[in-house]
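Topology and contacts: notes
Chain residues, written in single-letter form:
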Amino acid sequence: MELNKIEDILEKYFQGETSIAEENQLKEYFSSPNVAQHLEQYKSMFGYFSHAKEQKSTYEIPLQSKKRNVAWLSIAASAVVLLGIGTYYFASEQKNTTAVASKTELGTYDDPEEALKATQKALALLSSNVNVGIESVHYINEFEQSKNKIFKQ
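Here the structure is a predicted model, which means the values were calculated and not measured.

About the criteria used
- Residues numbered from 1 in each chain as written.
- Predicted model: local features only at pLDDT ≥ 70, side-chain atom pairs only at ≥ 80, totals over all residues.
- Heavy atoms only, no water.
- Helix = DSSP H or I, 4+ residues; strand = E, 2+ residues; numbered from the N terminus.
- Expected span 1.5 Å × (residues − 1).
- Core = buried A, V, L, I, M, F, W, Y, C linked by side-chain atoms within 4.5 Å.
- Buried < 20%, exposed > 50% of the residue type's maximum accessible area, 1.4 Å probe, protein only.
- Contact = heavy atoms within 4.5 Å.
- Arc of directions from axis to C-beta.
- Salt bridge = Lys/Arg side-chain N within 4 Å of Asp/Glu carboxyl O.

Some details on helix H5 (residues 112–151)
When the terminal C-alpha atoms of H5 are compared, their 57 Å separation across 40 residues agrees well with the 58 Å that a helix rising 1.5 Å per residue should span. Lys152 lies just past H5 and shows a positive phi near 35°.

Points about the nonpolar core
Ranked by size, the top nonpolar core spans eleven residues in total: Ile6, Ile9, Leu10, Tyr13, Leu26, Tyr29, Phe30, Val35, Ala36, Leu39 and Phe46. Among the elements of the structure, helix H1 (3–15) and helix H2 (20–31) are those that each provide at least two residues to this core. No other element matches the four residues that H1 contributes to this core. Not counting residues up to four positions away in its chain, the partners in contact with Tyr29 are Leu3, Ile6, Asn34, Val35, Ala36 and Leu39.

A closer look at H2
In this model, H2 (twelve residues) spans 16 Å end to end at C-alpha, consistent with the 16 Å of a helix rising 1.5 Å per residue. Inspection of H2 places Glu22, Leu26, Tyr29 and Phe30 among the buried residues, and these make up the whole buried set. Looking straight down H2, one finds that the buried residues subtend no more than 90° of arc, so they occupy a single side. Every exposed residue of H2 that faces more than 90 degrees away from the buried side is listed here: Ile20, Ala21, Glu28 and Ser31.

Here we look at the pattern of salt bridges
The final tally for this structure, using the stated rule, is two salt bridges. The residue Glu144 makes a salt bridge to Lys147 at a minimum N-O spacing of 3.8 Å. Here Glu144 and its partner Lys147 are both found in helix H5, three residues apart, which amounts to about one turn of the helix. Under the relative-accessibility criterion, Glu144 is labelled partly exposed at 33%.

Written out as structure tokens, the structure is:
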């Protein structure tokens, strides 16, 4: 082979622009004993590629199956679902018993003085809210009077 042609192919090889046929030409050239002195440094690289291509691995890779025991998984899922349903019904039953107990005890006091104080407290709260409502009615009446003066119906 011509030395110039090999140098051009080698330059293309390092640029990543060679074809398979050109790479095979380089491998043949560098495997032959007639390698130019200034290209001797690349001989070991192409020799390594040929040598590495022939190597085979003898290491056996153990295959592990990724099988999961589906039976245990389904049993665990069922247990979680049943536990959730049981907790829900238990919590709702607790709410129902407290609601029934509070409904039966509404408005009952054993001590008449305590009942009087609770009634006074409730009436005072009602009165304060009614007074706020009456104040807003006065404001509306004043607004109506001003509107009637302006628009004279």
